[in-house]
Amino acid sequence: MRSPAPLSPPIDSEQLDAFVTFAEHLNFTRAARARGMSQPALHTQIRKLSDSLAVTLYERRGNRLTLTPHGERLLAFGRDARDRSRALLAELSQREVSGPITLCAGEGSYLYLLGPGLRRFVAARSPDLRLLVRDQQGTVAAVRTGEAHLGVASLDKLPPGLEARLLTEVGQALVLPAAHPLASKRTIHLRDLDGARLVVPPEGRPHTATLVQAFRAAGARFTPAVEASGWELLVRFAELGLGLAIVNAFVRLPDGLVRRPIPELPSRPYYLLQRSDLSREGPISALADSLAATANAWRR
């Protein structure tokens with residue numbers, strides 16, 4: 001009869017806590033200071049944890065330390081363990097669960113998409129809510145590593161290892177002064193904009209790359225009048241008469257500007273992201289449901 005395989009030793013909780021602190025700083029000096037211990041002692045704890053798991057947890061890239069995929073997974077596990085510990089202690093002592101629910105999204109999502117859902121959620125539950133503002137890649141990373149419980153991002157490709165729930169699809173529209181000749185059209189085609197001066201994000205940004213590709217396919221061209229980041233700034237420069245702007249259709253406009261849909265440009269899907277191993281109950285699930293229920297409020 002074959003002997004059972006030996007069980008792996010449990011993860012040392014002190015080493016795991018030390019790793020979480022290090023991973024949140026990615027700097028041994030700052031992490032050691034946060035834990036009130038010496039840098040060599042912290043380094044030893046991380047090394048012992050890495051040796052016990054037989055995996056590399058971080059690596060150096062130039063002057064920066066970055067987590068490996070194993071390190072990202074362990075960070076998510078460590079954060080979950082910390083949250084569950086707090087929840088259990090709160091339950092045993094009959095107190096409210098401590099620790100915030102964390103949502104991560106981009107500036108545009110907060111400004112134009114998530115407001116009604118957040119207002120509804122807070123009014124119903126009055127929770128401790130923490131909001132992070134990150135770009136697409138930063139949002140995916142925050143959810144994957146457990147820094148955020150939920151994330152909202154516009155994605156062309158769904159990230160592996162995360163559950164993605166489609167919230168809404170947002171078309172793209174031309175923003176221009178009401179007195180502009182093109183404002184008389186109900187719909188704008190890219191050939192109508194041949195030679196136009198546009199306010200666009202910097203070269204290489206996803207939105208600008210989409211515009212370049214679409215204009216080329218339509219046999220048209222545009223001239224970058226101003227380079228700016230963020231829907232609000234693009235709209236502001238269009239308001240100042242520096243050029244026309246193409247933005248997501250949920251962007252609110254000041255008086256004097258109008259929007260016209262551009263059917264040749266693809267709609268942008270916005271997804272709610274969550275790790276598959278997180279609980280489907282409680283306030284995290286309630287926040288997800290609130291955001292989903294109000295995701296199309298921008299259309300009104």
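Rules used throughout
Residues numbered from 1 in each chain as written. Predicted model: local features only at pLDDT ≥ 70, side-chain atom pairs only at ≥ 80, totals over all residues. Heavy atoms only, no water. Helix = DSSP H or I, 4+ residues; strand = E, 2+ residues; numbered from the N terminus. Contact = heavy atoms within 4.5 Å. Core = buried A, V, L, I, M, F, W, Y, C linked by side-chain atoms within 4.5 Å. Buried < 20%, exposed > 50% of the residue type's maximum accessible area, 1.4 Å probe, protein only. Salt bridge = Lys/Arg side-chain N within 4 Å of Asp/Glu carboxyl O. Pairing = 2+ DSSP bridges. Axes fitted to C-alpha atoms, helices over the stretch in contact; angles between N-to-C directions. Parallel < 35°, antiparallel > 145°, perpendicular 65-115°, else oblique. Nonpolar A, V, L, I, M, F, W, Y, C, P; charged D, E, K, R; others polar. Left-handed = near helix turned anticlockwise from the far one by under 90°.

> Explanation requested: the side chain of S290 in the structure shown.
Mapped onto the elements of the fold, S290 is located in helix α10 (residues 282–293). Leave out the neighbours within four places in its chain, and S290 touches G117, R120 and F121.

> Can you walk me through the nonpolar core in this structure?
Across soluble globular proteins, nonpolar side chains have a tendency to be buried as a group. If you look at the biggest cluster of nonpolar residues, it comprises 35 residues, and the most contacted ones within it are L103, L114, V152, V247, F250, L287 and L291. Top contributing element to this core by residue count: helix α9 (residues 231–239), with 5 residues. The contact partners of V247, leaving out residues within four places of it in the chain, are G171, Q172, A173, V175, W231, L234 and V235.

> I'm lost on the pattern of salt bridges in this one. Help?
Side chains that differ in sign of charge can pair as their charged atoms come close. The final tally for this structure, using the stated rule, is 7 salt bridges. In this structure, E24 and R79 form a salt bridge, with 3.1 Å as the shortest nitrogen-oxygen distance. Here E24, found in helix α1 (residues 13–25), pairs with R79, found in helix α4 (residues 69–92); they are 55 residues apart in sequence, far enough to count as distant. Residue R79 is classed as buried on the basis of its relative accessible area, which comes to 6%. We note a salt bridge from D156 to R268, for which the minimum N-O separation is 2.7 Å. Separated by 112 residues along the polypeptide, D156 in the loop between β5 (150–154) and β6 (162–170) and R268 in strand β12 (residues 268–275) bring together distant segments of the chain. According to the relative accessible area criterion, R268 is buried, its value standing at 14%.

> Would you mind showing me how to read the pairing of strand β7 (residues 172–177) here?
With 5 of 6 residues buried, β7 is to be regarded as a mostly interior element. Here 4 bridges tie β7 to strand β10 (residues 244–248), and the two strands are oriented antiparallel to one another. Bridging from a neighbouring strand, Q172 pairs with N248 of β10. Across 5 bridges, β7 lies against strand β11 (residues 257–261) in antiparallel orientation. By the bridge assignment for β11, L176 is matched with V258.

> Would you explain the sheet that holds strand β9 (residues 222–227) in this entry?
Either a parallel or an antiparallel arrangement is found when strands of a sheet pair, and the pairing is made through backbone hydrogen bonds. A sheet is described by the order of its strands in space; here 5 strands give the open sequence β9-β8-β10-β7-β11, paired in mixed fashion. Of all strands in the sheet, those with a lone pairing partner are β9 and β11, marking the two edges. Pairwise comparison of adjacent strand axes, ignoring direction, gives a mean angle of 40 degrees for this sheet. Against the sheet, α9 makes contact with β7, β8 (196–200), β9, β10 and β11, and its axis sits at roughly 150 degrees relative to β10, the strand it touches most.

> Quick question: what am I supposed to make of the packing of helix α2 (residues 28–35) against helix α3 (residues 39–53) here?
Two quantities define a packed helix pair, namely the angle between the axes and the distance from one axis to the other. Interaxial distance between α2 and α3 falls to 9 Å at its minimum, and their mutual angle equals 100 degrees. Considering the angle they form, α2 stands roughly perpendicular to α3. Where α2 approaches α3, its residues F28, T29, A31, A32 and R35 are matched on the opposing element by Q39, L42, H43 and I46. Partitioning the contact of α2 with α3 into residue classes produces 5 nonpolar, 3 polar and 1 charged.

> Help me understand the environment of I46, please; the structure alone is not making it clear to me.
Residue position: I46 is located in helix α3. The residues touching I46, leaving out its near neighbours within four places in the chain, are A18, F19, F22, F28, L57 and Y58.

> Looking at this model, I keep getting lost on the packing of helix α6 (residues 115–125) against α10. Mind explaining?
In the contact formed by α6 and α10, the axes pass within 8 Å of each other and the chain directions differ by 140 degrees. Between α6 and α10, the interaxial angle falls into the category oblique. Handedness of the crossing formed by α6 with α10: right-handed. Along the contact surface, α6 presents G117, L118, R120, F121 and R125, while α10 presents G282, P283, A286, L287, S290, L291 and A293. Split by residue class, the contact of α6 with α10 holds 7 nonpolar, 3 polar and 2 charged.

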